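# Structural description and commentary
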Amino acid sequence: MLKNSLKNYFISFRHFFTPLGTMFLGMMLGFSVLIPGAIGALNGLIENIKLLADGVNLDFAVLWEEIRGNITALDWDDPFGAIQTMLSGEWITKVLNESLSVILGEDFNVFAEHIVNIINTFVVQIVACVFIFIAFFIIGFIAGFMLTKFFIRRNIAKRSLWKWILTGIINSFLTVGYLILCGVLYSMWQPSVFFSSLIMLVLSCIVALTEAYLVYGYKKVKFSAVLNVGNTGLYLLSNFLIFLISLVFMVIAVAINSLMGFFVGLAILEIALCVMDMNAVSFVQGLIGEQSVPPAQDVGKAA
């Protein structure tokens with residue numbers, strides 16, 4: 001099982017650009033909503049402030065320079081931290097208040113209450129655009145997971161279309177839910193990533209072997225021949241090695257370029273999760289193949 005599992009993993013890297021491509025497609029669709037939405041919200045912010053009084057002098061170029069200065073002042077050595085800060089409603093409100101107070105001067109104090117309401121509306125619009133962007137990215141991730149798993153499954157084991165769709169959807173949402181949960185736990189307590197990863201590996205082994213038996217091995221091999229302590233331990237070891245190799249690749253990718261390494265790491269993670277699941281199918285099919293081979297004839301006996 002161990003040798004075959006690692007072989008399946010490295011062969012599956014031929015599909016590396018499938019999850020990477022769907023993630024970038026999701027991002028492009030997200031940007032198609034985020035960028036026009038952000039520009040429209042910013043133009044609406046400027047027009048609403050100008051409507052407060054005819055004497056208000058608000059130049060979009062000057063406002064953008066003020067905002068750009070606050071953006072460049074962020075710590076871009078940590079790009080993910082900078083992006084997280086920049087997309088927070090509190091940071092947007094603070095920057096806009098400071099920028100507008102500098103540009104408008106005393107006019108800002110005169111219309112302070114109305115300006116705060118306008119800023120709050122702007123922040124809500126921006127947060128909605130960001131939410132849609134994230135939703136498109138997640139859809140791209142899920143689509144990449146399903147397509148990658150389809151291609152890997154086609155090489156290892158075939159399944160009827162409706163079973164593939166149902167299983168793929170369930171596994172994709174469970175994977176995304178697990179990743180989101182791990183992200184939340186990691187943000188609150190960084191060491192939780194080790195415990196959650198260990199629990200995930202054990203549970204995934206049991207579920208994958210059981211699913212492989214029900215779909216491929218039911219009434220063909222004994223359930224105890226598929227799911228037992230030895231097979232679970234060996235399957236866990238193979239998955240652990242795949243996870244460890246993937247982690248090394250991800251660390252190397254992030255070390256080269258943190259932003260690009262993030263997407264490369266997600267693609268590697270998708271491949272690893274797909275192979276981990278399919279290795280159970282490969283193992284069950286191997287057991288079925290062994291039982292289907294007729295016993296060797298005793299050539300020493302006379303006909």
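Conventions used here
- Residues numbered from 1 in each chain as written.
- Predicted model: local features only at pLDDT ≥ 70, side-chain atom pairs only at ≥ 80, totals over all residues.
- Heavy atoms only, no water.
- Helix = DSSP H or I, 4+ residues; strand = E, 2+ residues; numbered from the N terminus.
- Buried < 20%, exposed > 50% of the residue type's maximum accessible area, 1.4 Å probe, protein only.
- Contact = heavy atoms within 4.5 Å.
- Patch = residues over 30% accessible without salt bridge, like charges linked within 9 Å, V, L, I, M, F, W, Y side chains within 5 Å.
- Areas by Shrake-Rupley, 256 points an atom, 1.4 Å probe, with all protein chains shown as cover.
- Salt bridge = Lys/Arg side-chain N within 4 Å of Asp/Glu carboxyl O.
- pLDDT = per-residue confidence, 0-100.
- Core = buried A, V, L, I, M, F, W, Y, C linked by side-chain atoms within 4.5 Å.

Inspection of the secondary structure puts phenylalanine 133 in helix H7 (residues 112-156). Given the relative accessible area of 16%, phenylalanine 133 is considered buried. Separated by 103 residues in sequence, phenylalanine 133 and glycine 30 have C-alpha atoms that sit 4.0 Å apart. Apart from the residues lying within four places of it in its own chain, the contact partners of phenylalanine 133 are Met27, Gly30, Phe31 and Leu34.

Looking now at a nonpolar patch on the surface. Taken together, the side chains of Phe10, Leu234, Leu237, Phe240, Leu244, Leu247, Val248, Phe249, Val251, Ile252 and Ile256 present a nonpolar region at the surface, about 970 Å² in accessible area. If one sorts the elements of the nonpolar patch by residue count, helix H11 (residues 229-256) sits on top with ten residues. Relative to the helices and strands, valine 248 is located in helix H11.

Here we come to the confidence of the model for the protein chain. This prediction gives the protein chain a mean pLDDT of 76; 75% of its residues lie at or above 70. Within the protein chain, helix H2 (residues 17-52) carries the highest mean pLDDT (86), whereas helix H8 (residues 161-188) carries the lowest (63).

Counting residues in each nonpolar core, the largest one holds 64 residues, and the members touching the most others are Leu45 and Phe122. Elements with a minimum of two residues in this core: H2, helix H3 (60-72), helix H5 (89-104), H7, helix H9 (192-217), H11 and helix H12 (258-292). Among the elements that line this core, the one with the most residues is H12, at 18 residues.

Now for the environment of leucine 247. Locating leucine 247 in the fold gives a position in helix H11. C-alpha of leucine 247 to C-alpha of leucine 269: the two residues are 22 residues apart in sequence and 8.3 Å apart in space.

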